[in-house]
Structures are given as C-alpha cells and as structure tokens.
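Close look at the chain arrangement
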Amino acid sequence: MDRVSAFDEPLKKLLGGATAKVMAEHLDLHTVGDLLHHYPRRYEERGRLTALTELPLDEHVTVVAQVADARIMMFNNGRGKRLEVTLTDGSGRLQLVFFGHGVHKPHKELLPGRRAMFAGKASVFNRKMQLAHPTYQLLDAHDEEEATEAVDAFAGQLLPIYPACKQLDSWRIAKAVDTVLPSAQDAVDPLPPSLRDGRGFVPLPEALLRIHRPQTKADIAAARDRLRWDEAFVLQVALARRRFADTQLPAVARASVPGGVLDAFDATLPFTLTDGQQKVTAEIFGDLATEHPMHRLLQGEVGSGKTLVALRAMLRVVDAGGQAAMLAPTEVLAQQHHRSITEMMGELAEGGMLGGSDLGTKVVLLTGSMGTAARRQALLDLVTGEAGIVIGTHALIEDKVKFHDLGLVVVDEQHRFGVEQRDALRSKGKQPPHLLVMTATPIPRTVAMTVFGDLETSVLDQLPAGRSPIASHVVPAKDKPHFLSRAWERVREEVENGHQAYVVCPRIGDDADEAGEKKGKAGKKQPAPEDDAEKRPPLAVLDIAGQLAKGPLTGLSVEVLHGRMAPDDKDDVMRRFAAGQVDVLVATTVIEVGVNVPNATAMVIMDADRFGVSQLHQLRGRVGRGSAPGLCLLVSEAHEASPARARLSAVAATLDGFELSRIDLEQRREGDVLGQAQSGVRSSLRVLSVIDDEEVIAAAREEAVRVVTDDPALERLPELRTALDALLDKDREEYLDKG
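Since the model is a prediction, treat every value here as computed from it, not as a measurement.

1. Observations concerning the pattern of salt bridges
Side chains that differ in charge, positive against negative, can pair when their charged atoms come close. Considering all chains together, one arrives at 31 salt bridges under this definition. Between aspartate 571 and arginine 575 there is a salt bridge; the shortest N-O distance is 3.4 Å. Remark: arginine 575 and aspartate 571 occur in helix H21 (residues 567–578); sequence separation between them is four residues, near one turn of the helix. Assessed through its relative accessible area of 14%, aspartate 571 is described here as buried. For arginine 575, a relative accessible area of 46% gives the class partly exposed. Measuring nitrogen to oxygen at the nearest pair gives 2.9 Å for the salt bridge that ties arginine 716 to aspartate 710. Each member of the salt-bridge network shares a partner with another, and the members are Arg486, Glu489, Arg490, Glu493 and Glu494.

2. Regarding helix H11 (residues 261–268)
Val261, Leu262, Ala264 and Phe265 are the residues of H11 that are buried. All buried residues of H11 project into a common sector of 165 degrees when viewed along the axis, lining one side. Lining the buried residues of H11 we find helix H12 (275–288), helix H13 (306–319) and helix H14 (331–345).

3. Examining the sheet that holds strand S17 (residues 500–504)
Strands sit in the order S16-S21-S20-S17-S19-S18 across an open sheet of six strands; the sheet is parallel. Only two strands of the sheet have a single partner each, and these edge strands are strand S16 (470–476) and strand S18 (558–561). Averaged over all adjacent pairs, the angle separating strand axes in this sheet is 20 degrees, with direction ignored. In terms of strand pairing, strand S20 (residues 600–605) meets strand S21 (residues 630–636) through four bridges, oriented parallel. Within S21, the residue paired with valine 604 across the bridge is leucine 633. Sheet strands in contact with H21 are S17, S18, strand S19 (584–587) and S20, and its direction is about 135 degrees off that of S18. The strands touched by helix H22 (residues 613–620) within the sheet are S16, S17, S20 and S21, with S20 carrying the most contacts at an inclination of about 150 degrees.

4. So, H21
In an α-helix, one turn spans 3.6 residues, which is why side chains three or four residues apart end up on the same side. Its 12 residues place the ends of H21 16 Å apart at the C-alpha level, agreeing with the 16 Å of an ideal helix rising 1.5 Å per residue. Listed as buried for H21 are Lys570, Asp571, Val573, Met574 and Phe577. Along the axis of H21, the buried residues cluster in a sector spanning 160 degrees; they form a single face. In this fold, the buried residues of H21 make contact with H14, S17, S18, S19 and S20. Immediately beyond the C-terminal end of H21, within one or two residues, lies glycine 580, with a positive phi of roughly 85 degrees.

Conventions we followed
Residues numbered from 1 in each chain as written. Predicted model: local features only at pLDDT ≥ 70, side-chain atom pairs only at ≥ 80, totals over all residues. Heavy atoms only, no water. Salt bridge = Lys/Arg side-chain N within 4 Å of Asp/Glu carboxyl O. Helix = DSSP H or I, 4+ residues; strand = E, 2+ residues; numbered from the N terminus. Buried < 20%, exposed > 50% of the residue type's maximum accessible area, 1.4 Å probe, protein only. Arc of directions from axis to C-beta. Contact = heavy atoms within 4.5 Å. Pairing = 2+ DSSP bridges. Axes fitted to C-alpha atoms, helices over the stretch in contact; angles between N-to-C directions. Expected span 1.5 Å × (residues − 1).

Written out as structure tokens, the structure reads:
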C-alpha cells in the first residue's frame, strides 16, 4: 500500500460496517487518517495499587487481589445475566460486576484462587463498594519479580480518553485506534526537514504513536508539541499562499487626488482625527495606491470611529474615479449608515442634485424592501456611475446590480456575512476591487492570525475625544429584587434629565416565538420559573414593554423594536428614537451594531446571562456615545456562584473589548469563535488552541511566509503539498479562496 493511500483507506474496510457508520455519522471520521488524527482529549492514570479497604469513591483505581468467589446471577425472568466476582487482598473484600455479553470471558478466567490486577472506577451499589466492568490482567507468573514488574506496568499505564459520543464510548474508540495504529508508520511528514530538525521535533509517525499510546507524560508533551506545530504551520502556509496569490492579482490603484471630495470633506470636519485613525488611514491609503487588491481587516472598539475611517477611504476611491459599496448585515444598520454618512457629508452627498456641491457625489441606499421606483433609480445611478457610494444589505449582491467601476468594497460586521456573499460583491468589479472588512468585535491576535489570516489587520484601539465612560453593574434580580426596582428608578431619572434608554431582551415574544416553544414542551411538566432561572423561557420584548409601560415606567413613552417588524415600522421607530421622541426603546439585539443615538445614556439588559460576553460588550457600546456618562445594568437571575454570574462580573469590571474577547474565547473555546463560516479552519484544529498557543501560531506564520516566499508552488516540498491537500478538501479550499 503506498504512503498516501494507507491514510485514505476507508474505516469500514478495517473496523466493520456498524462501527465505521457510527464514526462517520457522529464523529465525522471516515478514513484511517481521520481516526489517527482523532486525538485523546485527556489521559487517566490507572493509579498506583490501592488496598481494598482504602478505595476512594468515584476515582480510577488499580488493585491486585485474589478471586474468592464468582457466580452468574439471572435477572429479568432469566433474560438478563450478571457475573458477580468477590475479591480479597487480605485487608478487605470488593465486588466486581459484569453484565450481558461481557460475562463469558471473565466467567471462564476469574476462577476462585486466581490472582489478577483489576482497574476501574470505584462506586457504591447497595451500600457495597464495587467496580463495574473493570479491565483486568491475570498474574500467573511463578517468579515474584516478574509479577511485580507486570503489576507496575499495568498500574502505571496512561489510559487515553477520546472525544466520544453516545453511540460509541471512549474504550471502543481506543480499540479501533489500536487496529489502525500500524498505519501511523505511513504518515507523510509535512514539515520541511530543516524546520523539523531545527526545532527538535519527533518524527510524525512517532508523534502519532506517542499521543495515542504514551508510555509516560513526557511522551504526551513531545507528541502534542509536534502535532500542534503541524496544525499551525500547514494552516499558515495555506493562508500565506492565499496572500501571495492576492499580490499577483491586478487591481486599479486609487491614488490621492488633491482638491477632490476627500479634501472638501476633511475641511468640514469639526474635530481632528485621533492618532489611531490617522495611523490606520495611512495603512489603508497605502494599500489603495497599489496595483493589487487591498485585503484588510479593520478592528475597532465600539465607537472608535471606524465608520469615519471607512468613509474617507470610500471618498479617496471616488476621487480616483471609482465607486465604493458598503455592505451591512441588516436593513436597520444599512439605513443607519446611510443616514449617518449623508449627515457627515452634508451637501457633498448630493452631487449632481439641486443644492448639492459641484465636488460631491451621490450616496444611494439599496435594500430588499425598497419601493420599485426608488430601487430602479438607485440601480440606474450605480450603472451610470452617478452614485459614487452605495450602502446596502445583501440586496447589493443580486445579479441585476451592475456598477460603472467598483473600486472598493467595505463589509461591516464581517462575522454576519457568509464568505460567498463577500465574494459575489467583489466579482462585480472589472478587476478585483479593494476590500476593507470592519468589525467592532475585538478579536484576539491569535484568532485574527488564524481565522482572518488572509487579511492584513489594522486596529483602532483609541476612543475619540468626547466619548464618555460607561458604568456597568450586575443587578441580581432573584437575590435582591429591590435592586431591580432601583434599576427602573435610574432609567426614569435619566429620562427626567432629558436622556433616553434602551431595554434589551433575548426574545421577541410573539406567536411565532411561542409556537416553537410550545411544540418543544408537549407532554412535559414545565418547572416553575423559580425552580431554576435557566429553565424558564428567556424574557421577551413584547411582555417586558407592556409590564414597564403599565408599571415602573408608566407615563414615559415606551416603544418596541425587533427583527419581525415591517422594515418601514422599524425605520420609523428608529427615526423617532434618534429624534428624541421616544423615551425608552425595548428591543432585541437588532440594536447590537451600528445604532448611534448619542442622547441614549442608559441600557438595561434583561436575562443578561443568556448573551455572550462579546455581545454584551457590543450592546453596551450603544450608550455613552455623547457627552453624558453611560450606564449599563446587567439583570440576571443566575446564582451568585455560577459561571454565568462570573461572566457578567467580568463584563462589568472592564471596558476593554480585547480583554473581554479573551475571556469569551476561554469560556466558549474555539468552536464558536471560529464559527460555522470558518468551518474549514475550525475542523482542522485538534491540538492547537487559539487561546494558549499564540507563540506557536506567530512563529508558524513567520516560517510559513519564509517558505512560501521562497517556493510559492511548494515544488521542492511535495510532502507539505500533500498535507495541504488533506487539510484543504474542496470546501475548505473554496473558503480560503473566497476569504
């Protein structure tokens, strides 16, 4: 069998159909290579020998004892069989129990008088200590020294515990691994020999052997070090090749044009840019001036002025004769951006219109719910080039949308867009347009290098002058109900001082919401809410709005905003809230990104423990946007000692989004963070942790850049090419291509 095909061998050939089917369906393991890369998540030590009288409950123990008695018991009217074995070691007695088909072999072997080692988890049944289905090894050595060695080897063994599923437990996976482990010798080593030797790594076959069947803890450490590097390096090579390929693509350079719209716009700004904005702008303008497409990620804290940076980039492109498109994830956000950009530009946003500036350009909005006439006009303005800037939702991606000369695509809130959507918009340029991706969710450096590794990164971590501090507090509604009453008093005080407030709930609470819930509840007795805050449905916008208007906030103007409202109604509520005509807006997370109402100073988040850390930080960023200080109250019924409360306390304790994103990552681990859209990356991370392995990822990135610069097609490194092909099956290749 050749070296590659040993790893490609289907599991059903080696393991039997039933086991292979479960592995494929529940663990996504299809080939020998898949199973060899399904690493143990931890290891149990059988433990040193323990006297029968000193067995610790619920721990893995190893004992050496003699069989005193063994008998088969029948139950369930003779349909069930159980083997009960009594052991003695001179200090005490212990019962073993085996069930079902598992009784035959021990019944033949564990005869009274036989001595053996037994390992398992100690538990209590009928007030007696027992081991259920222990593993065992008979000790028939006549030589005492030989017996002692066998005991030491057995008791000291490290037992791998595999990620398992209900249909297939860890020890059965371990048996399957034993079957395929000889194929580890055929592993193709992706690391260039100089890199492997320079870093003192064990060869790949040996690393696979050591991670699955370690003799010592040092074996595990050496194997993990090696395998972690493979993952980081192969992934970074894939990303480095994408970046290299991008530098080979043609794009129209959009150079600076003095005396254009950008200069006219800058002259109207009532403030100077922060140092951070100037630095990031220089990076973006540098990219725009080159003849290959910019691919840049702009990370900025909530309210750090990303929109202004993006607008100046768009105006630079308009000056150079191109068009710019801004893609927003929701209609509310697209309308908000359109409103704030036209307000910032003033008459410059009315180019070619009566009363507009001669220098200006048209700024158009394009969303799915626009009327036919407005939509037709917007499409015409784009194809003729009359509109230099268009802001829209995924409606921009439709086939009928044509541009005169698309030069720049700005994507807001990257994590809400599929890669395909970004790609579809980029394909609308005559040549690939420049791409700027903005996110207000701070991304730890390692995640940025892993998930967005094909994008250069700019970070805006400085807030503009005039932004106010936000005080955050946890309100324990269950333990201290008077704290919640005080929260509503605080909201009333803010309104009396001329300000406005948001109340955020996890659920809408209309019929469509409830239907799904009732369906899930059929036939089950529902616990009362006071049994457990987690078990009741999350609080809903429509319920809370009604309770507040009739209760603690009576007399104030309270309105609702959620995703199932008609677009015109949403826009109407948002406009009136922005104009100060609504005191309190009770909303879902539709207000999470981009909504900008400087007069809103207070936010109460109901059931705050049901939101993620980054989401809470995003929501909180909607207040404190003006000169008055902001207040964010995190209401929760979670128990004081629970992880949920610890998470809320962390959010209340810091306004540093990067620190919070690190906490979020530690709690959710990589799966969520890398997200479904990043599946190609996520499914390849097995021992690499984007939380703990920053140094490995950074070093692997440097090595990858060196290798790809020297040999872009990897002609001199066929093994690395093979490993890349294995990592980048068709879907993942496309994911990286489109990224």
